[in-house]
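Each chain, letter by letter, is given below.
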Amino acid sequence: MSEKRNLKNLLPRNRILLVLLAALGCGLIILAGFSGGDEEPNKTEYTDVGFYTEYLERRICDLCKSINGITEATVFLTLDCSSEFIYETEGDGASDFLILTGKDGEYAVMLCEIYPRVRGIAVVCTGGDLPRIQQSVTELLSASLGISSGKIKVVGS
């Protein structure tokens, strides 16, 4: 009878110990997820203006094809310059960047990246020699990209 009591007393202790160990393990896993390992925050790994240009050209091409009368379109655009980066600063000085130290050395904390503005657009599309299509494409691109209509050229294919 005393052996049964001992087993009953041990069982709740083992369950409590097992639950505590499981909770501790889950806590460690969660903390490891928050620490992010050796990754450095706010560090841009990959920036490619060429990729951005191709992305915009595809989007503009799809937008043009959504206009009634255009079934095929090719777009070429030019950008003002490369990307502009905005960094966190310390103090009152504009050149006092906030510097963090990581495993690969020191780096400035980047707040955001401003992509270049569109300078001009050339569109070659079906029906592009028709004044109605030229006007529709020009107005659409001018309004959506915020550039003047003089920087947009539409021709037929």
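In case you missed it, the structure is sitting above this.
From a predicted model like this one, the values you see are computed outputs, not experimental measurements.

What counts, and where the lines are drawn
Residues numbered from 1 in each chain as written. Predicted model: local features only at pLDDT ≥ 70, side-chain atom pairs only at ≥ 80, totals over all residues. Heavy atoms only, no water. Helix = DSSP H or I, 4+ residues; strand = E, 2+ residues; numbered from the N terminus. Expected span 1.5 Å × (residues − 1). Buried < 20%, exposed > 50% of the residue type's maximum accessible area, 1.4 Å probe, protein only. Arc of directions from axis to C-beta. Contact = heavy atoms within 4.5 Å. Salt bridge = Lys/Arg side-chain N within 4 Å of Asp/Glu carboxyl O. Pairing = 2+ DSSP bridges. Right-handed = clockwise from strand over helix to strand, strands pointing away.

A. Structural view of helix H3 (residues 131-145). For H3, which comprises 15 residues, the first-to-last C-alpha distance of 21 Å matches the rise-based estimate of 21 Å (1.5 Å per residue) to within 8%. Residues of H3 that are buried: Ile-133, Val-137, Thr-138, Leu-141 and Ser-142. Looking straight down H3, one finds its buried side chains confined to an arc of 145 degrees; they lie on one side. Exposed and oriented more than 90 degrees from the buried face of H3 are Pro-131 and Ala-143. Within two residues after H3, Gly-146 carries a phi angle of roughly 70 degrees, on the positive side.

B. Broad picture of the side chain of Thr-53. By the secondary structure assignment, Thr-53 is in helix H2 (residues 49-65). A residue is classified by how much of its surface remains accessible, and Thr-53, at 16% relative accessible area, is buried. Discounting chain neighbours no more than four positions away, the residues touching Thr-53 are Leu-77 and Leu-79.

C. Structural context of the pattern of salt bridges. Per the stated rule, a full pass over the model turns up one salt bridge. Asp-80 is paired through a salt bridge with Arg-119; the nearest N and O atoms lie 3.2 Å apart. Placement of the pair is Asp-80 in the loop between strand S1 (73-79) and strand S2 (84-87) and Arg-119 in strand S6 (residues 118-125), with a sequence separation of 39 residues. The partly exposed category is assigned to Asp-80, whose relative accessible area is 38%. Owing to a relative accessible area of 43%, Arg-119 belongs among the partly exposed residues under this scheme.

D. How the structure looks around the pairing of strand S7 (residues 152-156). Pairing of S6 with S7, which is carried by five bridges, proceeds in the parallel orientation. In the strand pairing of S7, Val-123 is matched with Val-154. Crossover handedness for the path S6 to H3 to S7: right-handed.

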